[in-house]
Amino acid sequence: MENTQLWNRYQQGLDHKSKIKLLPTGNKNERFYAGRQWEGVQANGLPTPVLNIVKQVVDYKISAVMSDMISMQFSADGVGDNDTEGQAYREVAKLFTEYSRTQWENLKVDSMNEEGLLNAALSADMCSHWYWDKRAKDFTGELIDNANLMLGDPNTSEINDAFGPVQPYIQLAFRRQVEDVRREAKENGVKKEDLDNIVADDETENQAGDMSRTEIETDEGGKCIVLLEYTKELIDDEWHIMAEKSTRNFVIRKKWDTGLHRYPVALMNWYTRKGSGHGEAEATSLIPNQLMINRQAAMIALWIQLHGFPKVLYDQTRINQWTNSLSKAIPVNGTDTGGVGGAAQYMQPAQLSVAVMQFMTWFISITKEMAGVSDAALGLAPPTNTSAIIVLAKNTAVPLNSIKRRYYSYIEDVGRIWMDFWTSKYTEYPVRNLEITVDGVKQIVELNTEILKQMKLKLKIDIGPSTIWNEATAAQTLDNLLSQRLITFVEYLKRLPNNVIPDRQGLIDDRESEERRREAEDKQFMYELMGSKLEEILPTLPPEAQNELKMLQRNDPDNYEMQVRQLIQQTIKRPYAYNVEGGGEGEM
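Residues numbered from 1 in each chain as written. Predicted model: local features only at pLDDT ≥ 70, side-chain atom pairs only at ≥ 80, totals over all residues. Heavy atoms only, no water.

(A) Representation of the overall build of the protein chain. Helices and strands together make up the secondary structure of the protein chain, namely 16 helices and 14 strands. Looking at the 588 residues of the protein chain, the share that counts as buried comes to 36%. Once local pairs closer than 6 in sequence are excluded, the contacts in the protein chain between residues at least 24 apart make up 66%. Surface accessibility of the protein chain: about 35,200 Å² in total, with carbon and sulfur atoms responsible for 50%. (Helix = DSSP H or I, 4+ residues; strand = E, 2+ residues; numbered from the N terminus. Buried < 20%, exposed > 50% of the residue type's maximum accessible area, 1.4 Å probe, protein only. Contact = heavy atoms within 4.5 Å. Areas by Shrake-Rupley, 256 points an atom, 1.4 Å probe, with all protein chains shown as cover.)

(B) Quick look at the packing of aromatic side chains. For the coordinates displayed, the defined rule picks out 19 aromatic pairs. Ring geometry for Phe-74 against Trp-422: centres 5.1 Å apart, planes inclined by 70°, an arrangement best described as edge-to-face. Of this pair, Phe-74 sits in strand β1 (residues 68–76) while Trp-422 is found in helix α10 (residues 401–424), placing the two residues 348 residues apart along the sequence. Phe-74 sits in the buried class, given a relative accessible area of 7%. The exposure class assigned to Trp-422 is buried, which follows from its relative accessible area of 0%. For the pair Trp-132 and Phe-421, a centre-to-centre distance of 6.3 Å together with 15° between the ring planes defines the contact as stacked. Taken together, the positions of Trp-132 in strand β2 (residues 125–133) and Phe-421 in helix α10 put the pair 289 residues apart, joining distant regions of the chain. For the pair Trp-132 and Phe-421, one class covers both residues: buried. Here the aromatic residues Phe-74, Phe-96, Tyr-99, Trp-104, Trp-130, Trp-132, Phe-139, Trp-418, Phe-421, Trp-422 and Tyr-426 are joined through ring pairs into a cluster of three or more. It is Lys-232 that lies over the ring of Trp-239; its NZ or CZ is 4.8 Å from the centre. (Phe/Tyr/Trp six-rings, centres within 6.5 Å; stacked < 30°, edge-to-face > 60°. Lys NZ or Arg CZ within 6 Å of the ring centre and 35° of its normal.)

(C) Fine view of the sheet that holds strand β8 (residues 251–257). Pairing within the open sheet is antiparallel, and its five strands lie in the order β4-β5-β6-β7-β8. The sheet is open, and its two edges are formed by β4 (149–151) and β8, each paired on a single side. Taken over all neighbouring pairs, the strand axes of this sheet differ in orientation by 20° on average, direction set aside. Note that strand β6 (residues 223–235) and strand β7 (residues 238–246) share nine bridges and pair antiparallel. Directly across from Leu-228, in β7, lies its bridge partner Lys-245. Against the sheet, helix α1 (residues 5–19) contacts β4, β5 (169–177), β6 and β7, and its axis sits at roughly 100° relative to β6. Here helix α6 (residues 178–187) sits on the sheet in contact with β5, β6, β7 and β8, set at roughly 120° to β5. (Pairing = 2+ DSSP bridges. Axes fitted to C-alpha atoms, helices over the stretch in contact; angles between N-to-C directions.)

(D) How the structure looks around the environment of Leu-549. With respect to the helices and strands, Leu-549 occurs in helix α15 (residues 543–555). When neighbours within four sequence positions are excluded, Leu-549 is seen to be in contact with Leu-538, Leu-541, Tyr-560, Gln-563 and Leu-567.

(E) Seen up close, the pattern of salt bridges. Under the defined criterion, the tally for this structure stands at 25 salt bridges. Put simply, Glu-142 and Arg-176 hold a salt bridge, and the shortest N to O gap is 3.6 Å. Here Glu-142 is found in strand β3 (residues 138–143), whereas its partner Arg-176 is found in strand β5, with 34 residues between them in sequence. The closest approach of N and O atoms between Glu-203 and Arg-248, which form a salt bridge, is 3.3 Å. With Glu-203 in the loop between α6 and β6 and Arg-248 in the loop between β7 and β8, the pair connects residues that are 45 residues apart, well separated along the chain. (Salt bridge = Lys/Arg side-chain N within 4 Å of Asp/Glu carboxyl O.)

(F) Just the confidence of the model for the protein chain, in detail. Overall, the prediction assigns the protein chain a mean pLDDT of 85, with 88% of residues at 70 or greater. Confidence over residues 576–588 falls short of pLDDT 50; this stretch has four contacts with residues more than four positions distant or in other chains. (pLDDT = per-residue confidence, 0-100.)

(G) Region of the structure containing the environment of Asn-27. Topologically, Asn-27 is positioned in helix α2 (residues 22–33). Each C-alpha atom, one on Asn-27 and one on Leu-122, is 8.2 Å from the other, the two residues being 95 residues apart in sequence. Among residues more than four places away in sequence, those in contact with Asn-27 are Gln-207, Ala-208, Gly-209, Asp-210 and Arg-213.

(H) Layout of the sheet that holds β3. Strands sit in the order β3-β2-β9 across an open sheet of three strands; the sheet is antiparallel. The open sheet terminates on both sides in strands that have one partner only, identified here as β3 and β9 (265–269). Mean inter-strand twist for the sheet, computed between neighbouring axes without regard to direction, equals 20°. Bridge analysis of β2 against β3 gives six bridges, and the strand direction is antiparallel. Bridged to His-129 within β3 is Glu-142.

(I) Quick look at the packing of helix α5 (residues 109–123) against α10. In contact at an axis separation of 13 Å, α5 and α10 are set at 135° when each is read in the N-to-C sense. Accordingly, the angle class assigned to the pair α5 and α10 is oblique. Between α5 and α10 lies a crossing whose hand is right-handed. Here α5 contributes Val-109, Asn-113 and Leu-117 to the contact with α10, which in turn contributes Tyr-407, Tyr-410, Ile-411 and Trp-418. Considering only residue class, the contact of α5 with α10 consists of six nonpolar, one polar and no charged. (Parallel < 35°, antiparallel > 145°, perpendicular 65-115°, else oblique. Left-handed = near helix turned anticlockwise from the far one by under 90°. Nonpolar A, V, L, I, M, F, W, Y, C, P; charged D, E, K, R; others polar.)

(J) Representation of the nonpolar core. Phe-96, Tyr-407, Trp-418 and Trp-422 are the most contacted members of the largest nonpolar core, which has 82 residues in total. The leading source of residues in this core is α10, at eleven residues. When residues no more than four places from it in sequence are discounted, the contact partners of Trp-422 are Phe-74, Phe-96, Tyr-99, Ser-100, Gln-103, Phe-139, Thr-427, Leu-452 and Leu-457. Grouped together as the second largest cluster of nonpolar side chains are ten residues, Val-181, Val-190, Leu-195 and Phe-250 included. (Core = buried A, V, L, I, M, F, W, Y, C linked by side-chain atoms within 4.5 Å.)

(K) How the structure looks around a negative patch on the surface. A cluster of acidic side chains, namely Glu-105, Asp-110, Glu-114 and Glu-115, defines a negative patch on the protein surface. Counting residues per element, the negative patch draws most heavily on α5, which supplies three residues. Looking at where Glu-105 falls in the secondary structure, it is placed in helix α4 (residues 87–106). (Patch = residues over 30% accessible without salt bridge, like charges linked within 9 Å, V, L, I, M, F, W, Y side chains within 5 Å. Lys, Arg positive; Asp, Glu negative; His and termini not counted. Charge placed at Lys NZ, Arg CZ, Asp CG, Glu CD.)

(L) Geometry of the side chain of Ser-424. Inspection of the secondary structure assignment puts Ser-424 in helix α10. Given a relative accessible area of 11%, Ser-424 falls into the buried group. The contact partners of Ser-424, leaving out residues within four places of it in the chain, are Gly-259, Leu-260 and His-261.

(M) Structural context of unusual backbone geometry. Although it is not a glycine, Lys-137 adopts a positive phi angle of roughly 55°. Its location among the elements puts Lys-137 in the loop between β2 and β3. The class of Lys-137 is partly exposed, set by a relative accessible area of 44%. The phi dihedral of Asp-236 is positive, around 50°, even though this residue is not glycine. Within the secondary structure, Asp-236 is located in the loop between β6 and β7. With a relative accessible area of 75%, Asp-236 lands in the exposed category.

The following block contains the structure:
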């Protein structure tokens, strides 16, 4: 059977990837990250230790990139903050800001991003594909290996810009169960007799990762390559994204209009390469140094095995055979001539050159430093000066800023794809129920999608401070406020970051209970003091004032307490003023 047009384009993409050695480089990086760094090497008796610097550097950088808190902020395009007529649009934009957080959690975007960043650090790119699930009636996402991403223009990594699609086409390749592919083809109107043309294949050599090339052999049909191609068409001065799906020899679904206006694919390069749609991986430049470190460690280990332990010299005329057994005695002949002591002795082991260990330590350290990773960043620095360690770690993170910016741009691309689904696919339904969470309370908001057809959403990525440094700064600020007595101890405890003090809530409850007890005792004491003073003051007041106090005591206790306090304060001030003027008995 003839190959489909999509398959021919797929082969063109594979040829390009072969020329830039994308797949073998990524697979080698993945092996080294997994610790399988001696595969294919003839050790010839040499030890094979692995000091996995690649994994340490990659894990740190992924954690550092993901440490900042990211959220999507949506606004109504062309509507001012004080525009009363655009209030409804602003409310819808605010609703989608809250809804994006729900989608972020439901789609497990954090986990997807972590895995995607690992892909980028090892294979150079992170790629995600977002598609409409007709059963769930909502969109979802998946990661795509860069080996399965075919760019129409492989010399640029830009897939969409702010206004629409850029690439002439985007093609994605998947390994799918034949049974599932036939079911999808049947749902798309393919005749039953044509379904037998969809058969399993062994096209696994172009899949990313050594483990992906081994599949389970089953009688149900196995797997086959499925190609999904997106193209763009300009209809009524507006871009429309068209799609087509096929296997090697058979079209599963003929070209259809997805309803979208930008490619539902987001791409991030770990490091960029000029004139290339694919980037450069973090692990690639680390491998030569990793090999050097492993070889040095292997030679040191071999030297210790050969020379690190003392050897025994013994007189063979007096000792027939030497043994290192702990429980077995060694017979010695001729004890009358020299005794037992001269029959054997240990040789002192040779000392490993200090220069070797110094070079090993320096080489590991310089490798991590050149990769932008310090001991402070890895949490290995001694905690003698917290502020200095924080500053040092922040300075270490500066080389990561370019990677972070590409990551933020990737998240922005994802957000624009989400907006496209909301304004293009949600509007196919007259009403959508959106789940949001406000102040910890889940709410279901009914949205009339007609308003989405009338407005245009605008996206801004909000980047909060890193959790680690934010918590450290918050704790230091709270310490200063408490030491200056500007906040109470309970206020201090309530605002501390989580997991700083064990059973924090129990401590807060105990302190609040003690404070309530003290306040009650103080209040009781004040009432008793006020009662005794009032007994002295009340007879001196006019009858009208006495009656007014009695009415307040019955009807308005708080106002009554305030009036009594004022009376007591006035009574205290008058004698004091009299004494100052010289009329008091205590004057000298």
